[in-house]
Amino acid sequence: MLATIPVTKTNASRVTPELRDNSPFGAVFSDHMLVADFANGKWGEPRIVPYGSQPMAAAPAVAHYGQGIFEGFKAFPRPNGGAVLFRPTANHARMNNTCKRMAMPEIPESTFVGGTHALVQLDRGWIPEKENSALYIRPVMSPTGDQLGVRPSETFRFIIETCPSAPYFSGSVDLLAEETYVRAFPGATGAAKCGGNYAGSMLAALEAQKQGFHNVLWLDGIERRYVEEAGLMNVAFVIGGAVVTPPLGGTILPGITRDSALTLLRDLELPVEERRITIDEVFEAHATGTLQGAAGTGTAAVIAPLGRLRHKDREITI
């Protein structure tokens, strides 16, 4: 695949064993990135160039109106010196669904998947060899033109960048059930992986952290009773021997790790229930001894066990 995408290599690689194996999540970027531009109604040919800053228009639509999206998945080392990607076609499909929701052009599979293969092959030396670490892959797309009119942009830039990544969480995750803020409403962008969803979650996370929690447990925006997501992750509970997780329905991001875990559980013929679950049911299950575990699932978090959970004036440890 490297032969099909033009490559401009960096003069000297910045990789060292220390950077590769001991960098926190998202702190250090690999040597190269893939770039493709959309203009005049079509995508140009992708290219791989040294990682670096990108020019930005003085009136960028992504800053004014938030028309920016991204994805995230990982590459893992193989003993023979190669690498393996975790479900890139699923991330490509999800990003194109986000493109539709955000009035942005869909990305060709050859650019997204083929470009990722070429980029990872070129920067294979950045994949950590340390246990539970990986090369995190971040595709991102945003407008490139100047405009103040409230309308979809006509030009975009798509970038794939990578970074060595240690585990996002080192232990269990403590969550505060959010009572004031809401992540998503029906008909909004909860199922899309757009930047605004994350910007709107940061204040709630900061306030939870001031109270000694890692992040929030999001409840539904209408009744404030039903569990939806766990901070930046999908969430699942083990209740009475069954894995119970909120159903997808437009307010929850359709996680690739979530889908993978549920598929494996069903293949193992273990009970799985995709249904609405109230925060009261979680606390009641803990009180009766039927709550056997809980976890958040996501690309960065992988599968992170939940620890403390507080809702209003009550708290449990799972």
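Notes on the structure in this doc start here. This is a predicted model, so every value here is computed, not measured.

## What about the packing of aromatic side chains?
A ring pair, where both rings are aromatic, is described by two values, the distance of the centres and the angle of the planes.
Next up, step 1: If you walk through the whole model with that rule in mind, you get eight aromatic pairs.
Next up, step 2: Their ring planes at 10° and their centres at 4.8 Å tell us that Phe 29 and Tyr 51 sit as a pair that is stacked. One end of the pair, Phe 29, is in the loop between helix H1 (17–22) and strand E1 (32–39); the other, Tyr 51, is in the loop between strand E3 (47–50) and helix H2 (61–65), and 22 residues separate them in sequence.
Next up, step 3: Taken together through their ring pairs, the aromatic side chains of Phe 38, Trp 43, Phe 73, Phe 112, Phe 156 and Phe 158 make up a single cluster.
Next up, step 4: The side chain of Arg 308 reaches across the aromatic face of Phe 213, ending 4.2 Å from its centre.
Next up, step 5: Just above the ring of Phe 283 sits the side chain of Arg 314; from NZ or CZ to the centre is 4.4 Å.

## A short note on the nonpolar core
Next up, step 1: Core analysis: the biggest nonpolar cluster contains 31 residues, and Ile 69, Ile 107, Met 141 and Phe 158 have the highest contact counts within it.
Next up, step 2: Counting residues per element, the ones that place at least two in this core are E1, strand E5 (73–77), helix H3 (88–101), helix H4 (109–122), strand E7 (134–143) and strand E8 (156–165).
Next up, step 3: Here this core takes five residues from H4, the largest share from any one element.
Next up, step 4: In this structure Ile 107 touches Trp 43, His 92, Met 95, Asn 96, Cys 99, Phe 112, Met 141 and Phe 158, once residues within four positions along its chain are discounted.
Next up, step 5: In this structure, Val 227, Val 235, Val 282 and Leu 309 belong to the second largest nonpolar core, which totals 24 residues.

## Looking at a nonpolar patch on the surface
Next up, step 1: A cluster of nonpolar residues, Tyr 65, Leu 148 and Val 150, forms a patch on the protein surface that exposes about 340 Å² of accessible area.
Next up, step 2: Mapped onto the secondary structure, Leu 148 falls in the loop between E7 and E8.

## Digging into helix H6 (residues 202–210)
Next up, step 1: Buried within H6 we find Ala 204, Ala 205 and Ala 208. Taken around the axis of H6, the buried residues stretch over an arc of 100°, which confines them to a single face. Seen from the buried face of H6, the exposed residues on the opposite side, beyond 90 degrees, are Met 202 and Lys 210.
Next up, step 2: Buried residues belonging to H6 abut strand E9 (173–177) and strand E10 (215–219).
Next up, step 3: Where H6 ends, the next residue or the one after it, Gly 212, has phi of about 95°, a positive value.

## Focus on the state of the cysteines
Next up, step 1: Applying the stated criterion to the full structure yields zero disulfides.
Next up, step 2: Between Cys 99, a cysteine without a disulfide, and Cys 194, which holds the nearest cysteine sulfur, the sulfur-to-sulfur distance is 11 Å.

The rules we used
Counting starts from 1 at the beginning of each chain's written sequence and moves along it residue by residue. Given that the model is predicted, a residue must reach a pLDDT of at least 70 before its local features are reported, and side-chain atom pairs must reach 80 or more before they are shown or counted; all residues, however, enter totals for whole chains, interfaces and linings. The basis for every side-chain value is the complete set of non-hydrogen atoms in the structure, without hydrogens or water. Between rings of Phe, Tyr and Trp, where Trp is taken as its six-membered ring, a pair exists when centres lie within 6.5 Å; planes separated by under 30 degrees are stacked, by over 60 edge-to-face, and by other angles tilted. Think of it this way: any DSSP run of H or I at least four residues long counts as a helix, any run of E at least two long counts as a strand, and we number them from the N terminus. Here, over-ring charges are defined by two tests on the NZ atom of lysine or the CZ atom of arginine: distance to the ring centre within 6 Å, and angle to the ring normal within 35 degrees. Definition used in this section: a nonpolar core is a set of buried Ala, Val, Leu, Ile, Met, Phe, Trp, Tyr and Cys residues joined via side-chain atoms within 4.5 Å. Remark: exposure states derive from per-residue accessible area (1.4 Å probe, protein chains only) relative to the maximum for the residue type, with buried under 20%, exposed over 50%, and partly exposed in between. Here, two residues are considered to be in contact whenever any of their heavy atoms come within 4.5 Å of each other. The patches reported here contain residues having more than 30% relative accessible area and no salt bridge. Joining distances are 9 Å for like charges and 5 Å for nonpolar side chains (Val, Leu, Ile, Met, Phe, Trp, Tyr). Note on areas: Shrake-Rupley with a 1.4 Å probe; residue coverage comes only from the protein chains shown. Each reported salt bridge corresponds to a side-chain nitrogen of Lys or Arg within 4 Å of a carboxyl oxygen of Asp or Glu. Here the arc refers to the set of directions running from the helix axis out to each C-beta atom. The criterion for a disulfide is a pair of cysteine sulfur atoms lying within 2.5 Å.

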